[in-house]
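Residues per chain are reported as follows:
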Amino acid sequence: MIILTLGTIPYSFDRAITWLHLLLEQQVISEPVFIQSGVTDTSLVDSNPLATVVKTIESKKLIALVKEARLVISHGGQGSTRMLASQQASFVLLPRLARFEEHIDDHQLLFAKSMQRFGVKHCLALDELRQFVLEPPPPFRGQLFNGPKLADHLIAKYPGLKEVAFKQAGCLETV
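Colleague: Tell me what's going on with empty space enclosed by the protein, and back it up with residues and numbers.
Modeller: Taken as a whole and assessed by the stated rule, the structure comprises one cavity of 30 Å³ or more. Taken as a whole, the largest cavity holds about 30 Å³ of empty space. Surrounding the largest cavity, Leu-4, Ala-16, Leu-20, Leu-23, Ile-73, Leu-94 and Leu-129 form its lining. Sort the elements by how many residues they give to the lining of the largest cavity and helix H1 (residues 14–25) lands first, with three residues. Each residue belonging to the lining of the largest cavity can be placed in one class, and the counts come to seven nonpolar, no polar and no charged.

Here's what the structure looks like:
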């Protein structure tokens, strides 16, 4: 099984679905594909019998699927990368790019490039993705992050930040 996870931000990632559609049509992919799509339109692959699409998925369920996957193709988010590395998954990052309006800037590309030194692969072209589907990278065996998550660091440094963030998000309670 292959997993394609696009995250949950409010930007479409049409390039990822188009590339998946092409790889399915060309029969480069001939196994089940689980797609976590977020807000991205998946109509190109919805009717493919190999594709299962969900907008969101609970972390525990995604981790269980990752453990079964031959390859995970993931947007270049730090949280997803951290989870995939911790699960020793075989994965490749497909960073969202600003020029395609997939995000507000190219921070995912910068992050993916910075992960190269740890052996994490990323791709920017369909031919590169095709090659990773045919020959997935080995399962990740290293360690990426030693420090706290950025949010945890900021909350520790600025104690009132959590309450402010919850109020701005419209939450009635603070945690």
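Structure's up, so let's keep going.
Colleague: How would you sum up the nonpolar core? Please name residues and give values.
Modeller: Counting 25 residues, the largest nonpolar core has Leu-20, Ile-29, Ile-35, Ile-73 and Val-133 as the members making the most contacts within it. Looking at this core, the elements with two or more residues in it are strand S1 (2–5), H1, strand S2 (33–36), strand S4 (71–74) and helix H5 (126–134). In terms of residue count, the dominant contributor to this core is H1 (six residues). In this structure Leu-20 touches Leu-4, Ile-29, Val-33, Ile-35 and Val-45, once residues within four positions along its chain are discounted.

Colleague: Describe the pattern of salt bridges, and please don't skip the residues or the numbers.
Modeller: Applying the stated rule across the entire model yields three salt bridges. We note a salt bridge from Arg-15 to Glu-102, for which the minimum N-O separation is 2.7 Å. In this pair, Arg-15 is assigned in helix H1 and Glu-102 in the loop between strand S5 (91–93) and helix H4 (107–115), connecting sequence segments 87 residues apart. Exposure remark for Glu-102: the relative accessible area of 1% places this residue in the buried category. Arg-130 is paired through a salt bridge with Asp-127; the nearest N and O atoms lie 2.5 Å apart. You can see Arg-130 and its partner Asp-127 sitting in helix H5, three residues apart, about one turn around the helix.

Colleague: Tell me about the layout of surface pockets, residues and numbers included.
Modeller: Approximately 370 Å³ is the volume attributed to the largest pocket. The wall of the largest pocket is formed by 20 residues, among which Gly-7, Thr-8, His-75, Gly-79 and Ser-80 lie closest to the centre. Looking at the lining of the largest pocket element by element, the count peaks at four residues for helix H3 (residues 78–86). Residues of the lining of the largest pocket, tallied by class, amount to six nonpolar, 13 polar and one charged.

Colleague: Hey, could you go over the packing of aromatic side chains for me, with residue numbers and the actual values?
Modeller: Tallied over the entire structure, the rule returns one aromatic pair. The interplanar angle of 55 degrees and the centroid separation of 6.2 Å between the aromatic rings of Phe-91 and Phe-140 together place this pair among those described as tilted. Of this pair, Phe-91 sits in strand S5 while Phe-140 sits in the loop between H5 and helix H6 (150–157), and the two are 49 residues apart along the sequence. Judged by its relative accessible area of 7%, Phe-140 falls in the buried class.

Conventions and cut-offs
Residues numbered from 1 in each chain as written. Predicted model: local features only at pLDDT ≥ 70, side-chain atom pairs only at ≥ 80, totals over all residues. Heavy atoms only, no water. 1 Å grid on protein atoms, 1.4 Å probe; cavity = no way out; pocket = protein on both sides within 12 Å on 5 of 7 lines; lining within 4 Å. Points joined across faces, edges and corners; volume = space filled by probe spheres on them. Helix = DSSP H or I, 4+ residues; strand = E, 2+ residues; numbered from the N terminus. Nonpolar A, V, L, I, M, F, W, Y, C, P; charged D, E, K, R; others polar. Core = buried A, V, L, I, M, F, W, Y, C linked by side-chain atoms within 4.5 Å. Buried < 20%, exposed > 50% of the residue type's maximum accessible area, 1.4 Å probe, protein only. Contact = heavy atoms within 4.5 Å. Salt bridge = Lys/Arg side-chain N within 4 Å of Asp/Glu carboxyl O. Phe/Tyr/Trp six-rings, centres within 6.5 Å; stacked < 30°, edge-to-face > 60°.

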